[in-house]
Amino acid sequence: MGLSNTIWANPAEVIRLKRPDHPVLVFAPAALQATARRFIKGFPGVVTYAVKSNPDEMVIQNLAAAGVTGFDVASPWEIDLVRRLAPGAALHYHNPVRGRDEIAHAVAAGVKTWSVDSVSELDKLIGMVPTDGCEISVRFKLPVEGAAYNFGAKFGATADVAALLLRRAAAAGYIPSLTFHPGTQCTDPMAWDTYIRAAATICAEAGVKAHRLNVGGGFPSHRQQALAPALEDIFALIDRVATEAFGADRPILVCEPGRGMVAESFSLIARVKALRDEAHVFLNDGVYGNLTEMPQIGNIDRVSVHAPDGRPRMAAPIRRVVFGPTCDSLDRLPGELPLPGDLAEGDYLVFKGMGAYSTATNTRFNGFGQCEIETALSLVG
Ligand SMILES: *Cc1c(COP(=O)(O)O)cnc(C)c1O
């Protein structure tokens, strides 16, 4: 990744003046700060950011500048990154399985909030983490639908085990809390309803009052033109259900969005390398690059096509198969994308909403994967 000093007006200007040979992610700090303010204003509790979704330094710095005071981290590298860029921020070490070397690193870095989902890992923490002012959040899972895929497949204790862990963490002298993740790109707000009520039941069974309840990430980003997610509706539901479920024992709420925070602040510019026999589109970016997620959670259909002079192509759409640049036949977008009929070799596709899980999972497979990040005032046009 390289960074230039130019601040562009918008992606079309990057195309017109730079005609990039490699994929470019265009970052609009103003868009990121606007989303951060939307979360801080609307969410009924503490807003943190899940670093894994996009660990770019500009992202961390802009979030800190916008008032985000906590970060969900999963590794020593992420801990050190946030310590360096936002020294005063709280670190929530919410990867529930850690090596002893990683725990020691986090203790030395002053981590005060940890998640667990098993007895063995709680015992590790009890042996290594001082209790004073330290919070242990028990991560639980439910068989709930609504997200793009199942986050309970890897992490999360069942409700029974969660009650046991909560009691044990409290008895060991830690501040007891609960946490869950409804699954990424969770477009059904009822998932939060079910999880929050289950959290209250776990507390009642454990006989422990949770200090905080972290309602996870999972906040959806805008992937389908027709379906702009209503974050404020989800916030209102979480607020209402937390009061209904916990009454006077309502814990402090925390959220840790990754995708919902960062996706909208980046657009991806990819060039049409070839229009093979007037049928298949070959891009210079694909599923081993910034488009990793498309086969897993579906295409983003918020795509515009621009001629090399930056002007948008406007002809009636034709559905086309779109391949990435590598020689692997898995390297294609699912289904077909409706693209303007006048699309030509050398044109550029601009995908909106590309800030999450793009830079973070870009590989160098087959010698591709070079990508620049450019900064723009706006992502419109
Ligand atoms: C990945 C992750 C998140 C962020 O998830 P999104 O779906 O991107 O919002 C939040 N919390 C934890 C513990 C995670 O692992």
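In this text the structure is predicted, and so the values were computed from the model without any measurement.

Rules behind the numbers
- Residues numbered from 1 in each chain as written.
- Predicted model: local features only at pLDDT ≥ 70, side-chain atom pairs only at ≥ 80, totals over all residues.
- Heavy atoms only, no water.
- 1 Å grid on protein atoms, 1.4 Å probe; cavity = no way out; pocket = protein on both sides within 12 Å on 5 of 7 lines; lining within 4 Å.
- Points joined across faces, edges and corners; volume = space filled by probe spheres on them.
- Nonpolar A, V, L, I, M, F, W, Y, C, P; charged D, E, K, R; others polar.
- Helix = DSSP H or I, 4+ residues; strand = E, 2+ residues; numbered from the N terminus.
- Expected span 1.5 Å × (residues − 1).
- Buried < 20%, exposed > 50% of the residue type's maximum accessible area, 1.4 Å probe, protein only.
- Arc of directions from axis to C-beta.
- Polar contact = N/O pair within 3.5 Å; in protein donor to acceptor, adjacent residues only side chain to side chain.
- Domains from an automatic or database assignment.
- Buried area = accessible area lost by both parts, 1.4 Å probe.
- Salt bridge = Lys/Arg side-chain N within 4 Å of Asp/Glu carboxyl O.
- Axes fitted to C-alpha atoms, helices over the stretch in contact; angles between N-to-C directions.
- Parallel < 35°, antiparallel > 145°, perpendicular 65-115°, else oblique.
- Left-handed = near helix turned anticlockwise from the far one by under 90°.
- Contact = heavy atoms within 4.5 Å.
- Pairing = 2+ DSSP bridges.
- Near = heavy atom within 4 Å.
- Areas by Shrake-Rupley, 256 points an atom, 1.4 Å probe, with all protein chains shown as cover.

Considering the layout of surface pockets
Next, step 1: In this model, the second largest pocket occupies a volume close to 260 Å³.
Next, step 2: Around the second largest pocket sit 17 residues that line it, and Q185, T187, P220, L227 and P229 are the ones nearest its centre.
Next, step 3: Considering only residue class, the lining of the second largest pocket consists of 10 nonpolar, five polar and two charged.

Focus: helix α9 (residues 231-246)
Next, step 1: Under the 1.5 Å per step criterion, the end-to-end length of α9 is 22 Å for 16 residues, consistent within 8% with the ideal 22 Å.
Next, step 2: All buried positions along α9 are accounted for by L231, I234, F235, L237, I238, V241, A242 and F246. Here the buried residues of α9 occupy an arc of 160° about the axis, which is enough to place them on one side.
Next, step 3: One or two positions beyond α9, positive phi appears at G247, with a value near 55°.

Notes on the side chain of T113
Next, step 1: Examined against the element boundaries, T113 turns out to sit in strand β6 (residues 113-116).
Next, step 2: Separated by 2.8 Å, the side chains of T113 and E135 make a polar contact.

Quick notes on the domain arrangement of the chain
Next, step 1: Looking at the chain, the domain boundaries give domain 1 (2-27 + 265-376) and domain 2 (30-262).
Next, step 2: Between domain 1 and domain 2, the C-alpha centre-to-centre distance is 32 Å.
Next, step 3: When domain 1 packs against domain 2, close to 1800 Å² is buried across both sides, 52% of that on carbon and sulfur atoms.
Next, step 4: Of all residues in domain 1, I297, R302 and Y357 give up the largest surface area on contact with domain 2, accounting jointly for 31% of the area buried on that side.
Next, step 5: Seen at the junction of domain 1 and domain 2, the total is two salt bridges.
Next, step 6: A salt bridge links E293 to R223, with the shortest nitrogen-to-oxygen separation between them at 3.7 Å.
Next, step 7: Summed over the shared surface of domain 1 and domain 2, the result is nine residue pairs in polar contact (both at pLDDT 80 or more).
Next, step 8: The set of elements that each furnish at least two residues to the side of domain 1 that touches domain 2 consists of α11 (294-297) and β18 (372-376).
Next, step 9: The greatest single-element share of the side of domain 1 that touches domain 2, amounting to three residues, is contributed by α11.
Next, step 10: Here the side of domain 1 that touches domain 2 is composed, by residue class, of 10 nonpolar, seven polar and three charged.

Quick word on the environment of K124
Next, step 1: Within the secondary structure, K124 is located in helix α6 (residues 119-128).
Next, step 2: Owing to a relative accessible area of 16%, K124 belongs among the buried residues under this scheme.
Next, step 3: For the pair formed by K124 and R311, sequence separation is 187 residues and the distance between their alpha carbons is 59 Å.

Brief notes about the packing of helix α4 (residues 76-85) against helix α5 (residues 100-108)
The relative placement of two packed helices comes down to the angle between their axes together with the axis-to-axis distance.
Next, step 1: Where α4 contacts α5, the two axes come as close as 10 Å, and the packing angle between them is 15°. If you check the angle between α4 and α5, you find them roughly parallel. Like other packed secondary-structure pairs, α4 and α5 cross with a definite hand, here left-handed. Contacts from P76, I79 and D80 of α4 reach α5 at E102, H105 and A106.

Description of the pairing of strand β8 (residues 175-179)
Next, step 1: For β8, the buried fraction is high: four of the five residues fall into the buried class.
Next, step 2: Where strand β7 (residues 135-139) lies against β8, five bridges are found, and the strand directions are parallel. Counted as the bridge partner of R139 is T179 from β8.
Next, step 3: One ladder, built from two bridges, connects β8 with strand β9 (residues 212-214); its direction is parallel. Residue pairing in the sheet places L178 in a bridge with L213 of β9.

Digging into the site of the ligand
Next, step 1: In the neighbourhood of the ligand, 14 residues make up the surrounding shell, with K52, H181, T184, E256 and Y357 lying closest.
Next, step 2: Note that an oxygen atom of the ligand is positioned 2.8 Å from one of the side-chain N or O atoms of K52.
Next, step 3: Contact with the protein chains covers 93% of the free accessible surface of the ligand, which is 380 Å².

As for the sheet that holds β8
Next, step 1: Taken together, eight strands build a closed barrel; the order of strands is β3-β4-β5-β6-β7-β8-β9-β10 and the barrel is parallel. The average undirected angle you get between the axes of adjacent strands in this sheet is 25°.

Describing the pattern of salt bridges
Next, step 1: All chains considered together, the criterion is met by 17 salt bridges.
Next, step 2: Of the charged contacts, one joins D309 and R311 as a salt bridge, the two residues approaching to 2.7 Å between their closest N and O atoms.
Next, step 3: Since its relative accessible area comes to 28%, D309 is described here as partly exposed.
Next, step 4: R311 gets classed as exposed once you look at its relative accessible area, which sits at 58%.

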